[in-house]
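Here is what each chain is made of, one letter per residue.
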Amino acid sequence: MKIAFYDVKPYDKPWFDRLSPEYGCEPIYLEYRLNRDTARLAQDLSCQAVCAFVNDVIDEPCITALTQGGVKLLAMRCAGYNNIDLDAADAHNLTVVRVPEYSPAAVAEHAMALLLCVNRKIHRSYSRTRENNFNINGLIGFDLCGKTAGIVGTGKIGSVFGRICGGFGMNVLAYDPSPSEDFAGTYCTLDELLNQSDVVSLHCPLTPQTHHMFNSDSFASLKDGAVLINTSRGGLIDTSALISALKSKKLYGAGLDVYEEEADYFFTDFSAEIMTDDDLARLLSFPNVVLTSHQAFFTEEATREIAQMTLDNVRSFIQGEIKNKVTKQSG
Ligand code: NAI
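These figures come from a predicted structure and were not determined experimentally.

Undergrad: Provide a residue-level description of helix 5 (residues 104-120), including the pertinent values.
TA: Since the α-helix advances by 3.6 residues per turn, residues separated by three or four positions end up pointing in the same direction. For helix 5, built from 17 residues, the straight-helix expectation of 24 Å at 1.5 Å per residue is met to within 8% by its first-to-last C-alpha distance of 24 Å. Across the 17 residues of helix 5, 12 count as buried, placing the element largely inside the fold. For helix 5, the set of buried residues is Pro104, Ala106, Val107, Ala108, His110, Ala111, Met112, Leu114, Leu115, Cys117, Val118 and Asn119. In the stretch just after helix 5, Lys121 is the one whose phi turns positive, near 60°.

Undergrad: Describe the pattern of salt bridges, and please don't skip the residues or the numbers.
TA: A side chain of one charge can pair with a side chain of the opposite charge when the charged atoms of the two come close. Enumeration over the complete set of coordinates arrives at 9 salt bridges. A salt bridge links Arg36 to Asp59, with the shortest nitrogen-to-oxygen separation between them at 2.6 Å. Linking Arg36 in the loop between strand 2 (26-29) and helix 2 (40-44) with Asp59 in the loop between strand 3 (49-52) and helix 3 (60-68), this pair joins segments that are 23 residues apart in sequence. Judged by its relative accessible area of 47%, Arg36 falls in the partly exposed class. The buried category is assigned to Asp59, whose relative accessible area is 19%. The shortest N-O distance in the salt bridge between Asp87 and Lys328 comes to 3.0 Å. Taken as a pair, Asp87 in helix 4 (residues 86-91) and Lys328 in the segment after helix 12 (300-318) lie far apart in primary sequence, 241 residues in all. Looking at Asp87, the relative accessible area reads 45%, which means it is partly exposed.

Undergrad: An account of the sheet that holds strand 2 is needed here, citing residue identities and associated values.
TA: In any sheet, the strands associate via hydrogen bonds between backbone groups, in a parallel or an antiparallel arrangement. With parallel pairing, the 5 strands of this open sheet are ordered in space as 2-1-3-4-5. Across the chains shown, the open sheet's two edge strands, defined by having one partner strand only, are strand 2 and strand 5 (95-97). Between one strand and the next, the sheet's axes are offset by a mean angle of 25°, whatever the strand orientation. With 3 bridges connecting them, strand 1 (residues 2-5) and strand 3 associate as parallel partners. Bridge assignment links Phe5 to a residue of strand 3, and that residue is Cys51. Its contacts with the sheet place helix 12 against strand 1, strand 3, strand 4 (73-76) and strand 5, and it is angled at close to 160° to strand 4.

How each quantity is defined
- Residues numbered from 1 in each chain as written.
- Predicted model: local features only at pLDDT ≥ 70, side-chain atom pairs only at ≥ 80, totals over all residues.
- Heavy atoms only, no water.
- Helix = DSSP H or I, 4+ residues; strand = E, 2+ residues; numbered from the N terminus.
- Expected span 1.5 Å × (residues − 1).
- Buried < 20%, exposed > 50% of the residue type's maximum accessible area, 1.4 Å probe, protein only.
- Salt bridge = Lys/Arg side-chain N within 4 Å of Asp/Glu carboxyl O.
- Pairing = 2+ DSSP bridges.
- Axes fitted to C-alpha atoms, helices over the stretch in contact; angles between N-to-C directions.
- Contact = heavy atoms within 4.5 Å.

In structure tokens:
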């Protein structure tokens, strides 16, 4: 089966190139994002399947264009699916599959890397020592051991993050409307978690219910001097409220791998351009914010697993068996 891969970067290709023959797939790589304007390319290339990523805009007009062009399968090479109109996919008989789990450790370890960097100000010491400035003024941090980590969402990634925090000697609190029996920590209400945690890390999906769950009220409930980590989805946080919390010194700092308007910037080099997103520019101006460009998933192990599972999802679809289908109830 020919698959149109949208929004492909050089690092996406090696595993898909290596594994595709074994799964009977022929990838056709496109640099364009998938949206209502580019959907027709799949038809021009005689593809019955398309493969998309986190910042493609798969709304009703896009789905209509895809299915009118003969596309039957949308294979996401990621876990999240908040960028897909699932009602439209259902109405147009477009099967949507995804990679629900590839390496929870990759994302959880990146969350801890952000926390350590923000806390111990590694980003600032790195710049100083590169300039032969060995002064440590202003670089003081705090011990994680004995502090409290609050985990919002204890699914695959949140539970690994909980174990990592436990390994650092932290007390682990969690909030999740569907608690897990295996979780190594104490469940509480979201308000209790916000009040008591020195570090809050977000690991729940972005849904209409969780959109801006971190708003000015949540920042008001948060313990003074807490660190906020978000490796989940940018839309969980109201960016203006985050900027106000940083300006008022409510937060010790923030480690962000995602940003609600990231689609305009992330994964692309704009180093020679003027930034037009004032919120992003403001976030980048804070010395206590470390921002990475949605790279928490980006390990060798995870990218191999993503390619393998995406191709297996396509092969199963060809064989009449649907694996890892996305529905509104998907976790
Ligand atoms: P999961 O489905 O295993 O776990 C999500 C958990 O969130 C579930 O336990 C669910 O009950 C809980 N949840 C749902 N609504 C909630 C709410 N209102 N408050 C608190 N908890 C709630 O998902 P997984 O694999 O752990 O991934 C979590 C998120 O991480 C994904 O939705 C995705 O957005 C993000 N992600 C980010 C990546 C990156 O590279 N930055 C890579 C992969 C995933």
